[in-house]
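This is what each chain is made of:
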Amino acid sequence: MLITIVTLFPEMFPGPLTCSLLGKTLGTLWELKTVNIRDFSDNIWKKVDDTTYGGGAGMVLKPNIVHEALNYALSLYKGLKPAIVYMTPRGKVFNNNIAKTLINNNGIIILCGRYEGIDQRVIDYWKTNNNLMEISIGDYVLFGGEIPAMVLIETCLRFIPGIMHNSESVIDESFSVDLLEYPQYTKPAIWNGNSVPSVLLSGNHLEIAKWRTEQSKQITKEVRPDLWEKYLVSHNK
Ligand code: ADE
């Protein structure tokens, strides 16, 4: 799985992606490349942006420069068709289902915007010709798409076989079954005067599973009524 980041800040990568399981498998189960948009500048000052037509604050990345950078990123896939994603607060809100569809492609190219945005014509061109998908990580605005790209990468890679030691932990946890995860406990059995729920010490696997499902339902109902409604509908309740 080759992931290519098209960015003005390649030095931000791999950054936190070198930690833990992702770091250990970087170079074997997945590869990361960066393409610096500035390398495709069309002027001696290495400028990549210009003022916005119609007026207003901020600068917009020029379409020809972003287009060349994306074309170069695509050439790294040698004729294969990777998923192409543009990180933007105007995109579809990211979730596990989108992550699973993204990893079913021959790699991923992630375009990160900065400043006020990217000229719409290059976005439209790549949408029409290369199925570019606009993705947001939530209803808030960051300075650029680099941190959202890291969120997307980490989420996607957790679905790649071999990256997680225990594939059950991906299936079992929050959102996989439309419910949030139940609480977890470890030793000591009593800490700060509080003991672990006794059912977890019972060794009765059926009762433990029932307790965990009940906890998941209670927590979801309380903190995510939207997910709870979805769960009721999809389980015909
Ligand atoms: N760029 C800036 N904010 C963003 C967000 N919320 N999601 C994706 N890309 C972004």
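Above: the structure in question.
Rules behind the numbers
- Residues numbered from 1 in each chain as written.
- Predicted model: local features only at pLDDT ≥ 70, side-chain atom pairs only at ≥ 80, totals over all residues.
- Heavy atoms only, no water.
- Buried < 20%, exposed > 50% of the residue type's maximum accessible area, 1.4 Å probe, protein only.
- Helix = DSSP H or I, 4+ residues; strand = E, 2+ residues; numbered from the N terminus.
- Arc of directions from axis to C-beta.
- Near = heavy atom within 4 Å.
- Polar contact = N/O pair within 3.5 Å; in protein donor to acceptor, adjacent residues only side chain to side chain.
- Areas by Shrake-Rupley, 256 points an atom, 1.4 Å probe, with all protein chains shown as cover.
- Nonpolar A, V, L, I, M, F, W, Y, C, P; charged D, E, K, R; others polar.

Novice: With reference to specific residues and values, describe helix 4 (residues 120-130).
Specialist: Given 3.6 residues per turn, any residue in an α-helix points the same way as the ones three and four places further on. The set of residues buried in helix 4 consists of Val122, Ile123 and Trp126. All buried residues of helix 4 fall inside an arc of 105° around its axis, so they share one side. Along helix 4, the residues that are exposed and aim more than 90 degrees away from the buried face are Arg121 and Thr128. Where helix 4 ends, the next residue or the one after it, Asn131, has phi of about 55°, a positive value.

Novice: Describe the site of the ligand, and please don't skip the residues or the numbers.
Specialist: In the region of the ligand, the neighbouring residues are Met87, Thr88, Pro89, Ile135, Ser136, Ile137, Gly138, Tyr140, Val141, Leu142, Gly144 and Pro148. Within the contact set of the ligand, a nitrogen atom lies 3.0 Å away from a backbone nitrogen or oxygen of Ile137. Leu142 places a polar main-chain atom, nitrogen or oxygen, 3.0 Å from a nitrogen atom of the ligand. Burial of the ligand by the protein chains amounts to 97% of its free accessible area of 260 Å². Of all elements in the fold, only strand 5 (83-93) and strand 8 (133-136) reach the threshold of two or more residues within the shell around the ligand. For the shell around the ligand, the element with the highest residue contribution is strand 5, accounting for three residues. Residue classes in the shell around the ligand are distributed as eight nonpolar, four polar and no charged.

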